[in-house]
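One-letter residues, chain by chain:
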Amino acid sequence: MLIRGDGVHASRYSPAPGRTKSARFTRPVRDSNTREEKRNMSESETVAKAEVAQNVGELEQPVAAVDIDTAETEEWLASLDYVLKSKGADRVRFLIEQLRDRAAEEGIQSAQDTNTPYVNTIPVKDQPAFPGNRELERRIKSIVRWNAMAMVVRANRRPGGVGGHISTFASSATLYEIAFNHFFKGRGEDGYSGDTIYFQGHASPGMYSRAFLEGRLSEENLDNFRRELAPGGGLSSYPHPWLMPGFWEYPTVSMGLGPIMAIYQARFNEYLNDRGIKDTKGQKVWAFLGDGECDEPETLGAIGLASREKLDNLIFVINCNLQRLDGPVRGNGKIIQELESIFRGAGWNVIKVVWGDEWDQLLAKDTTGLLVKRMNEVVDGQYQKYTGMPGSYIREHFFGKYPELLKLVENYSDEKLEKIRRGGHDPEKVYAAYKQATESANGRPTVVLAKTVKGYGLGEAGEGRMIAHNQKKMNEEELLEFRTRFGIPISDEEVVKAPFYKPSANSQEIKYMQERRAALGGPVPSRPTQHPTMEVPTLEDYRKLITRLENKSCSTTFAVVQTLVALCRDKKIGKYMVPIVPDESRTFGMEGMFKQFGIYAHAGQLYEPVDSAILQSYKEAQDGQILEEGITEAGSMSSFNAAGTAYSAHGINMIPFFIYYSMFGFQRIGDLIWAAADMRAKGFLVGGTAGRTTLNGEGLQHQDGHSLLNAIAFPTVRAYDPAFAYEVIVIIMEGLKRMYQDGEECIYYLMSENEEYEHPPMPAGCEDGIIKGMYKFRSQEVKDAKARVQLFGSGAILNSVLKAQEILAEKYSIASDAWSVTSYTQLRREAGDCDRWNMLHPTETPRKSYLEEQLDGVEGPFISASDYVRALGEQLTPWIPGDYYVLGTDGMGRSETRESLRRHFEVDAESIVIATLSRLSKTGLFTAAEVADAIKDLGFDAEKQNPYFA
Ligand SMILES: Cc1ncc(C[n+]2csc(CCOP(=O)(O)OP(=O)(O)O)c2C)c(N)n1
Ligand SMILES: [Mg+2]
């Protein structure tokens, strides 16, 4: 890599006076060995060499080609300089591409290098004038820093120390303040025109601190940071819209979720625009994240989509403080260079903000290229070491490597050397980066890689230290130092109490902040708490569909898709439906929707699809409605979250309908569903090919028998396991009404299965039961019955129950009632809520839950069977008025037929019969011998292994 053309040299186009030709045009002399030499070295020599390199904290540079003809090199470079000067950068780019292509024709491959030198991307000459008041902004930032720090320190002084982070915001204060004063767009007059901002989660103290100065939070709020149950209300640890619905919009602190959600949010904004639903052109999506966070697969996993979809409305700001929690992000390498290469390779604009302006003068003075070489060769672990070391150390170890560099700083005092800043702490550099990022309209997303110091300003207390991340307390001396460094007008006596500081409402600082925010469209973050609702179709409107599916042999998935198609065509809400699918349309029989509704593609369709002649061809369109995400459940869920919060972000009730392999939902992307609950997303999740035994053949990694168990823990998720087409339709219509007409902030989760069987007509009056969780589906009467039992079934396993009813009647003279239990979890929630109320109101008339009402006076035994783990049915145990036994599919799945799987997991009709007889034997209605005979008669192997262990 040539150490020039980095744009920071003032004398870019002509050799600077005093610069020798060979110094300018020869690649820097390498002091590491060439590959050839290395090969000849003994192993111990190599190790020793590596150790030396490591000791001085240097990056091993790739071996450079030897310049065998410096005069020729000079000619080429002089030509390039000439073209640049006379015809500009585009022409230079063109010629370089020509050269590269010509070389490739001859089979000469140059090394793919997606890195630029370790200097700022924006040259000084292109840096715009700073439009703000530097001094005032610095004072505001200092006060924001102080209060953020005080908030955490005060919280941790109280007994029961509740934690909190100081160091992250300390490193990113400039990155935020510049955005707050000059870039973040507020919601504006209509309340929905602002930027979408994903704040780095544990930088939240900084956001609270600013909101306090803006008058949006009180001192009491700040004092109750992380004390949310305190009188007067507290502040949530991190961005949680669930807990602070009028403030936060997007949860981010689970690392990696912010960035992936931001990408799909940016894409969704384009979707709204392309479909003509809302003009989102003026709205940017920002994601602030940590450099350590980039190791999460979700952070970088979808960056290709952002460039493919030309999302120039998206800006990532990565706070490269070189540290994560335990230590350096890349001690032996350079995270900024690594990320540059990754993002550049993925087609993003990359803006590096590495050095503050003090370095500009040094770089301009350096005629040898050695300073950039030195910047390139030092590794992050070493840069971290320089932080907090005296200037004399920096002089000796950084500049001291080359005598020329020592000379460069001979007039700099140690103190001055200690104070030269990194780019992320230089407001003008950050401003220049954001300006370019927000104004770029080249169809590429932009990432700003800002180099900062973790714990900046905390001095001895943690600046750049490994422990910085966990720094929560500061002693008196450290507080005094912080106060003095940032010029906070608090007396020595007061400082020790770490009081909050707010200048008067008439002060220049407060006025400036408010003026800036007013000019930019109001405060951020902010979330409205009143939301638009809309009229949705009623169940009556969909009776016809119910009738159409009556007595038809099909799967519940078919019923789901039929309903989805009807809803997409619906006059009232069709336009707002957002079908989302991760490459499983054909699995679910949705391919007919492609042509009808189109697959969203910003570019439209640039090819003639191979199957264009058929009705169900693959049709991509700019106004396509379906989000066909490809194989990414995480991406699909991020789209769900964007669509599911469009009501609060954009003021439009979009209706996401995400259908996927149920095994790859709660288990695989549970954290994104948790985020959906936090951000109050609304919509339908449909777990297709559900049921451990109903999905036959696919085996252990596909057969979901536990997503309903996971769903129990998600308070906003209402989970259902419907057996029949009409149940599916009733649940979906209810979900629509509750979420979009009544405005409830929740998610409906439906299991949908692929087994085909006949769907009966809808029994009269069962709607309420379907929604609440159970209704009696069929009674099997027997003349002179020996006993009567209650059987619960769900989903496809209701069929096992119905068959068991027949066997029980025919072979054992037992009458029974079969209940379709559509939601164990909804039943349990309501029953639990009644119990709790009754416990706390002992003198009042007790409330009775729906479950208790249904089973009032009904005698057991009660037998339940589902295609999910037993714990699902066992949730009801406290409220069942008699003996209760639950069958389920605990254990690892396997490839088999449905019949064999159901016997294996003991949820087939015969297993239900055996369980029933066994429970009846406990009451003396059957003898043990009769049960043993039945086990034999029914062909059940009593010695077969327990499926739980199989
Ligand atoms: C998924 C996940 N894993 C672990 C954590 C715990 N955690 C909180 S902050 C942090 C370090 C973050 O480092 P970085 O991303 O570099 O941010 P910085 O604080 O340095 O800006 C970790 C591991 C988390 N919040 N989320
Ligand atoms: Mg970090």
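Procedures and definitions
Residues numbered from 1 in each chain as written. Chains lettered and ligands numbered in written order. Predicted model: local features only at pLDDT ≥ 70, side-chain atom pairs only at ≥ 80, totals over all residues. Helix = DSSP H or I, 4+ residues; strand = E, 2+ residues; numbered from the N terminus. Buried ≥ 20, exposed ≤ 12 C-beta atoms within 10 Å, placed from the backbone. Contact = placed C-beta atoms within 7 Å. UniProt positions renumbered as here; feature names shortened; annotations may be inferred. Near = placed C-beta within 6 Å. Nonpolar A, V, L, I, M, F, W, Y, C, P; charged D, E, K, R; others polar. Axes fitted to C-alpha atoms, helices over the stretch in contact; angles between N-to-C directions. Parallel < 35°, antiparallel > 145°, perpendicular 65-115°, else oblique. pLDDT = per-residue confidence, 0-100. Core = buried A, V, L, I, M, F, W, Y, C linked by C-beta atoms within 7 Å. Pairing = 2+ DSSP bridges. Expected span 1.5 Å × (residues − 1). Right-handed = clockwise from strand over helix to strand, strands pointing away. Left-handed = near helix turned anticlockwise from the far one by under 90°.

Details of the overall build of the protein
Across its full length, the protein carries 39 helices and 20 strands. For the protein, buried positions account for 48% of its 950 residues. Pairs at least 24 apart in sequence give 77% of the contacts found in the protein among residues at least 6 apart.

Here's the deal with the UniProt feature "binding site: Mg(2+)" (unreviewed entry) in the protein
Per the UniProt record, "binding site: Mg(2+)" (unreviewed entry) is found at D291, N321 and Q323. These annotated residues cover 33 residues of sequence, and their C-alpha atoms all fall within 7.4 Å of one another, placing them together at a single site. Positionally, D291 belongs in the loop between β2 (285-290) and α11 (297-301). The exposure class of Q323 is buried, given the 30 C-beta atoms found within 10 Å. In this view, Q323 contacts P328, V329, Q384, K454, A468 and H469; residues no more than four positions away in its chain are not counted.

Brief notes about the site of ligand 1
Taken together, 17 residues are adjacent to ligand 1, and T168, G290, G292, E293 and R324 come closest. Considering only residue class, the shell around ligand 1 consists of four nonpolar, nine polar and four charged.

Concerning helix α8 (residues 204-213)
Buried residues dominate α8, accounting for 10 of its 10 residues. Within the sequence span of α8, burial applies to S204, P205, G206, M207, Y208, S209, R210, A211, F212 and L213. Once α8 finishes, G215 follows within two positions and takes phi at roughly 85°, a positive value.

What about the packing of helix α27 (residues 633-644) against helix α29 (residues 666-678)?
As a packed pair, α27 and α29 sit with axes 9 Å apart at the nearest point and diverge in direction by 10°. The angle between the axes of α27 and α29 places the two elements in the roughly parallel class. Here E633, A634, M637, S638, F640, N641 and G644 of α27 come into contact with α29, specifically with R668, I669, L672, I673, A675 and A676. Considering only residue class, the contact of α27 with α29 consists of eight nonpolar, three polar and two charged.

Here we look at unusual backbone geometry
A cis amide bond links V524 to the next residue, P525, at an omega of -10°. Its place among the elements puts P525 in the loop between α23 (508-519) and α24 (543-549). Between G860 and P861 the backbone carries a cis peptide bond, its omega angle lying at 0°. Of note, P861 is situated in the loop between α35 (850-855) and β19 (862-865). Located in the positive-phi region is R680, a residue other than glycine, with phi close to 60°. For R680, the position within the fold is in the loop between α29 and β12 (683-688). A tally of 21 C-beta atoms within 10 Å means that R680 is categorised as buried. Its identity is not glycine, yet E906 carries a phi of approximately 65°, on the positive side. When the 23 C-beta atoms within 10 Å are taken as the criterion, E906 is described as buried.

Points about the environment of G683
Tracing the chain through its elements places G683 in strand β12. Taking the C-alpha atoms as reference points, G683 and P656, 27 residues apart in sequence, are found 5.0 Å from one another. The residues contacting G683, other than those within four sequence positions of it, are F640, A643, G644, I655, P656, F657, F658 and I747.

With respect to the UniProt feature "domain: Pyruvate dehydrogenase E1 component middle" (unreviewed entry) in the protein
Here, the residues flagged by UniProt with the feature "domain: Pyruvate dehydrogenase E1 component middle" (unreviewed entry) are residues 550-760. Secondary structure across residues 550-760 divides into 34% helix and 18% strand, with the first and last C-alpha atoms of the span separated by 6 Å.

Quick look at the confidence of the model for the protein
Close reading of the predicted structure is inappropriate where its pLDDT is low. Counting all residues, the mean pLDDT for the protein is 92, and 93% of those residues have values of 70 or more. A low-confidence stretch, residues 1-55 (pLDDT under 50), is modelled with 59 contacts involving residues beyond four sequence positions or located in other chains.

A short note on the nonpolar core
Residues I318, V448, L449, F657, I729, L750 and I912 are the most contacted members of the largest nonpolar core, which totals 244 residues. Residue contacts for I729: discarding those within four places in its chain leaves Y542, L545, I546, A559 and T563.

Here we look at the sheet that holds strand β5 (residues 446-451)
If you trace the five strands from one edge of the open sheet to the other, you get β1-β2-β3-β5-β4, paired in parallel fashion. The two strands at the open ends of the sheet, each matched to only one other strand, are β1 (196-198) and β4 (349-353). The sheet shows a mean angle of 15° between the axes of neighbouring strands, taken without regard to direction. The pairing of β4 with β5 spans five bridges and is classified as parallel. For I351, the partnering residue across the bridge sits in β5 and is V448. Each of β1, β2 and β3 (314-320) is contacted by helix α10 (residues 257-274), which is oriented at about 170° to β2, the strand it contacts most.

A closer look at α27
Here α27 spans 16 Å end to end across 12 residues, near enough to the 16 Å set by a 1.5 Å rise per residue. Extensive coverage of α27 is indicated by the burial of 12 of its 12 residues. Restricting attention to buried positions, one finds in α27 the residues E633, A634, G635, S636, M637, S638, S639, F640, N641, A642, A643 and G644.

Observations concerning the pairing of strand β11 (residues 655-661)
For β11, a buried count of seven out of seven residues is recorded, marking the element as mostly surrounded by other parts of the structure. Where strand β7 (residues 577-581) meets β11, four bridges bridge the pair, whose relative direction is parallel. Across the sheet, residue P579 finds its bridge partner in β11, namely F657. Summarising the sheet, β11 and β12 pair through five bridges and their orientation is parallel. Across the sheet, residue Y660 finds its bridge partner in β12, namely G687. Traced from β11 through α29 to β12, the parallel crossover comes out right-handed.

Here's the deal with the packing of helix α7 (residues 167-182) against α8
Between α7 and α8, the shortest axis-to-axis distance is 9 Å and the interhelical angle comes to 45°. Judged on the interaxial angle alone, α8 and α7 are oblique. The handedness of the crossing between α7 and α8 is right-handed. Note on element contacts: α8 touches α7 through P205, G206 and R210, opposite F169, A173, Y176 and F180. Taken together, the residues of the contact of α7 with α8 break down into five nonpolar, one polar and one charged.

So, the sheet that holds strand β16 (residues 774-780)
Reading across from one edge, β16-β18-β17-β19-β20 is the order of the five strands in this open sheet, with mixed pairing throughout. In this open sheet, the two strands that pair with only one neighbour each are β16 and β20 (884-887). Going from strand to strand, the sheet's axes swing by 20° on average, the running direction of each strand aside.

Regarding the environment of L272
Structurally, L272 is set in helix α10. A count of 21 C-beta atoms within 10 Å places L272 in the buried class. Remark: the alpha-carbon pair of L272 and G683, spanning 411 residues in sequence, is separated by 17 Å. In this structure L272 touches I277, K278, T280 and H650, once residues within four positions along its chain are discounted.

What about the pairing of β19?
Taking every second residue as pointing to the same face, both faces of β19 are buried, with F862 and S864 on one and I863 and A865 on the other. Both β19 and β20 contribute to a ladder of four bridges, which runs parallel. Its bridge partner being in β20, F862 is matched across the sheet by Y884.

A look at the environment of E859
Looking at the secondary structure, you find E859 in the loop between α35 and β19. Here the alpha-carbon distance between E859 and G882, two residues 23 residues apart in the chain, equals 6.4 Å. Ignoring any residue separated from it by four or fewer positions in sequence, one finds E859 in contact with R788 and G882.

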